[in-house]
Amino acid sequence: MLRPSYSELMNDLSEASEKDITSRYSIVIAVAKRARQITAGDKPMVDERADKAISTSVKEMSEGKLKIVDL
């Protein structure tokens, strides 16, 4: 199981942003896209590298290094 959970991520992101993040889908897509970038060779933005790219991207999101942006 990933830590933090998606509901914890939604709460953290909503507190850090001026708008509420209410869609788990947005978080899942953002984390998945970042995991693909890491797998393709991008350098992780966190010091601690996990075994899996998805864990690394969740950690990046929880530390506020990834942002969800409306286009």
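What counts and how
Residues numbered from 1 in each chain as written. Predicted model: local features only at pLDDT ≥ 70, side-chain atom pairs only at ≥ 80, totals over all residues. Heavy atoms only, no water. Helix = DSSP H or I, 4+ residues; strand = E, 2+ residues; numbered from the N terminus. Buried < 20%, exposed > 50% of the residue type's maximum accessible area, 1.4 Å probe, protein only. Contact = heavy atoms within 4.5 Å. Areas by Shrake-Rupley, 256 points an atom, 1.4 Å probe, with all protein chains shown as cover. pLDDT = per-residue confidence, 0-100. Axes fitted to C-alpha atoms, helices over the stretch in contact; angles between N-to-C directions. Parallel < 35°, antiparallel > 145°, perpendicular 65-115°, else oblique. Left-handed = near helix turned anticlockwise from the far one by under 90°. Polar contact = N/O pair within 3.5 Å; in protein donor to acceptor, adjacent residues only side chain to side chain. Core = buried A, V, L, I, M, F, W, Y, C linked by side-chain atoms within 4.5 Å.

Draft legend 1. The arrangement of the overall build of the chain in detail. Helices and strands together make up the secondary structure of the chain, namely 3 helices and 0 strands. When the helices and strands of the chain are read in sequence order from the N terminus, they spell out α-α-α. Put simply, the chain has 71 residues, and 30% of those count as buried. Once local pairs closer than 6 in sequence are excluded, the contacts in the chain between residues at least 24 apart make up 35%. Of the roughly 5,100 Å² of accessible surface on the chain, a fraction of 49% belongs to carbon and sulfur atoms.

Draft legend 2. Molecular detail of the confidence of the model for the chain. Looking at the chain, the pLDDT average stands at 78 and 73% of residues meet or exceed 70. Of all helices and strands in the chain, the one with the weakest mean pLDDT is helix α1 (residues 6-16) (66), whereas helix α2 (residues 24-39) scores best (89).

Draft legend 3. How the structure looks around the environment of Ser-23. Mapping Ser-23 onto the fold places it in the loop between α1 and α2. Taking relative accessible area as the criterion, Ser-23 reaches 27% and is therefore assigned partly exposed. Remark: the alpha-carbon pair of Ser-23 and Met-10, spanning 13 residues in sequence, is separated by 7.9 Å.

Draft legend 4. View of the packing of α2 against helix α3 (residues 53-62). Across the interface, α2 lies against α3 with an axial gap of 8 Å and an inter-helix angle of 125°. In terms of their interaxial angle, α2 and α3 are classed as oblique. For the pair α2 and α3, the sense of crossing is right-handed. In this structure, α2 contributes Ile-27, Ala-30, Val-31, Ala-32, Arg-34, Ala-35, Ile-38 and Thr-39 to the contact, and α3 contributes Ala-53, Ile-54, Thr-56, Ser-57, Val-58, Glu-60 and Met-61.

Draft legend 5. View of the side chain of Glu-60. Relative to the assigned elements, Glu-60 resides in helix α3. Here Arg-34 takes part through its side chain, which lies 2.7 Å from a polar atom of the side chain of Glu-60. Among all residues touching Glu-60, those that are not within four sequence positions of it are Arg-34, Ile-38, Pro-44, Met-45, Val-46, Lys-65 and Leu-66.

Draft legend 6. Spatial organisation of the nonpolar core. Leu-9, Met-10, Ile-27, Ala-30, Val-31, Val-58, Met-61 and Leu-66 together form the largest nonpolar core, which totals 8 residues. Residue assignment for this core shows that the elements contributing at least two residues are α1, α2 and α3. In terms of residues, this core owes the most to one element, α2, which gives 3 residues.

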